[in-house]
Structures are given as structure tokens and as C-alpha cells.
Amino acid sequence: MEFMDIHSEDIEEDIRILLMGVTRYGKSSTGISILGEPQFEARGGWTSVTREYHVGMTNINGRLVKVVDTPGFKDTELRQREEQLNLVVGELTRALVQFPDGFDAIVIVIPYTARLDDEETRTINTMVSLMGHQSVESHGIIAMSHGDAYRRDYPDRNVADWLEDLPSNHQWVNALCHKRCVLFDVTTDNNVKDSQRNNLINIIYNLGTSNRYIPEICAVPVERRHTEIR
């Protein structure tokens, strides 16, 4: 497989990735796969491990890559929604102090094994609304975790073709990031690891955006945040 030369002078000196996802979707594990080593804490279960943002760094093909892991979203009752929203936005605001000119890509983790029922769909939509639909369209990439399960089910099928054939009620996944999707799993095969990482960097290279993403919600006063997210 051939990849774009990411040594091009058209790319910024470093590549900054904002990692977002629903609790228990394998967000931090996907970050570890991108980094190639366990710089984030990750474990299974229903409780989010990440309560504060964390930054991991690695070198991919000579390019410094920085991954920012954020608290996971989860479906909650209305009275808990503001608390969760303030936690996530608060950590995004803290991350912007370290990265004031923003991020090159928003990587949204969705597992191949997700049911995508009404609750999960609502939670993902809340997350997308927080980041801004236009920003997700321009900077968003789906990292499909549990890629090993996908490969067992479809050993010879391209994930783009599989996305095209999703049922009509799930086609929003295909449209979310304009079909930009990379499979990720916790494989020990170094060739697969390198392919996953290079696929992601190649997609970021081809986003064609001149500006980095800066979460506008961070500038919204706390008392108005919950009304901005619909």
C-alpha cells in the first residue's frame, strides 16, 4: 500500500489530533494504537477512565504527532447532562491553553460492535453538536475500534464498501465524516499497526483544510452551554 509523503512542507511541523468518543467505545485504547505505546490509561467497563485531558506524543514517518485524549461522553439523564458537558468543555478549554491554535483533525471513535441504538445515536449527536457539525464535516475522521472483530467477519472486504451498505437508519455514520474512516484494533502485528497509523495520517494529510479546528463552545459562557448543544 502506498501512502502520501507526509514530509511535505505543506503540513505543519506537528500533527495534532483531538480524540473524542462515547464512554466504553475504546477511545483511549485507540489513542494507544495511534501512539504505538500505552501513554493513556484504558480499561473496559461502563465507567470512563479519562476525567482530565491527556496528551501523548509519537513520531510517525518523521512527523511529530500529538494526540489529545478527552473525557468520554455517555448517555445521561437531563440533570446530569450539564455536569458532563461542563466537564468535557472544561477539559477542552484547558487543552486549548496548551494548543491555542487548535487541532488538525477530530478523530471520533465508534466501535464496529456498536449497536447504534437510539441512546447511542443521541449521545453521538450531542458530541457532534458540541464540536460543531461543520467542523466535523471538515476535520472529522471516524476511527472504527474493534477492527479485529470486523476483519474476522469481513476478511476480504474494504470498510468503505461496508459503510456504503449500512441500513438506511445508520447511514448517518457514513455521512458523518464524508466516509473518512480508519479501522483500529489492539493487534500485535507490527505491519497492521503501521498500516492503521499511516492510513490515519494519510487521511489527515488529505483533509485539505487551511485552518486548524478550535472548539467554539469553549468561548460560550457556562450558563448558556446546555442551550447551545442540541
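Residues numbered from 1 in each chain as written. Predicted model: local features only at pLDDT ≥ 70, side-chain atom pairs only at ≥ 80, totals over all residues. Heavy atoms only, no water.

### Some thoughts on the overall build of the protein chain
So the rule is basically this: For the purposes of this entry, the term helix denotes a DSSP run of H or I that reaches at least four residues, the term strand denotes a run of E that reaches at least two, and both are numbered from the N terminus. The buried label goes to any residue with under 20% of its type's maximum accessible area, the exposed label to any with over 50%, and the partly exposed label to all in between, with areas taken from a 1.4 Å probe on protein chains only. In this description, contact between two residues means that some pair of their heavy atoms is separated by no more than 4.5 Å.
For the protein chain, the helix and strand inventory stands at 9 helices and 6 strands. Looking at the protein chain as a whole, 49% of its 230 residues are labelled buried. Relative to all contacts within the protein chain whose residues are 6 or more apart in sequence, the contacts with residues 24 or more apart total 73%.

### Details of the state of the cysteines
Here a disulfide denotes a covalent bond joining the sulfur atom of one cysteine to the sulfur atom of another. As a reminder of what qualifies: Cysteine sulfur atoms that come within 2.5 Å of each other are treated as a disulfide pair.
In total, this model carries 0 disulfides according to the counting rule given. For the unlinked cysteine Cys177, the closest cysteine sulfur is that of Cys181, found at 8.6 Å.

### Here's the deal with the packing of aromatic side chains
Given two aromatic rings, one states the distance between the centres and the angle between the planes to describe the pair. What counts here: Only Phe, Tyr and Trp rings are paired, with Trp represented by its six-membered ring, and only when their centres lie within 6.5 Å; those with planes under 30 degrees apart are stacked, over 60 edge-to-face, the remainder tilted.
Overall, the coordinates contain 5 aromatic pairs when judged by the stated rule. A centroid spacing of 5.8 Å and a plane angle of 55° characterise the contact between Phe99 and Phe103, whose relative ring orientation is tilted. On the basis of relative accessibility, which here comes to 2%, the residue Phe99 falls in the buried class. Ring plane angle 75° and centroid distance 5.7 Å describe the contact between Tyr150 and Trp162, whose orientation is recorded as edge-to-face. One end of the pair, Tyr150, is in helix H5 (residues 147–153); the other, Trp162, is in helix H6 (residues 159–164), and 12 residues separate them in sequence. Among the residues examined, Tyr150 registers a relative accessible area of 1% and is labelled buried. Exposure remark for Trp162: the relative accessible area of 15% places this residue in the buried category.

### Considerations on helix H1 (residues 27–35)
The element H1 is extensively covered by neighbouring structure, given that 7 of its 9 residues are classed as buried. Burial in H1 covers these residues: Lys27, Ser28, Thr30, Gly31, Ser33, Ile34 and Leu35. Buried-residue contacts for H1 involve strand E1 (14–21), strand E2 (54–60), strand E3 (63–69), strand E4 (105–109), strand E5 (140–144) and helix H8 (190–205). In the stretch just after H1, Gly36 is the one whose phi turns positive, near 85°.

### Some details on unusual backbone geometry
A positive phi angle, near 55°, is found at His178, a position not held by glycine. Residue placement: His178 occurs in the loop between helix H7 (171–176) and strand E6 (181–183).

### Here's the deal with the pairing of E1
To keep it simple, the criterion reads: Note on pairing: DSSP must find at least two bridges between two strands before they are called paired.
Across the 8 residues that make up E1, a large majority, 8, are buried. Here E1 shows two buried faces, one formed by Asp14, Arg16, Leu18 and Met20 and the other by Ile15, Ile17, Leu19 and Gly21. Here E1 pairs with E3 via 6 bridges, running parallel. Following the sheet pairing, Leu19 is matched in E3 by Asp69. Across 5 bridges, the pairing between E1 and E4 is parallel. What sits directly across from Ile17, in E4, is Ala105.

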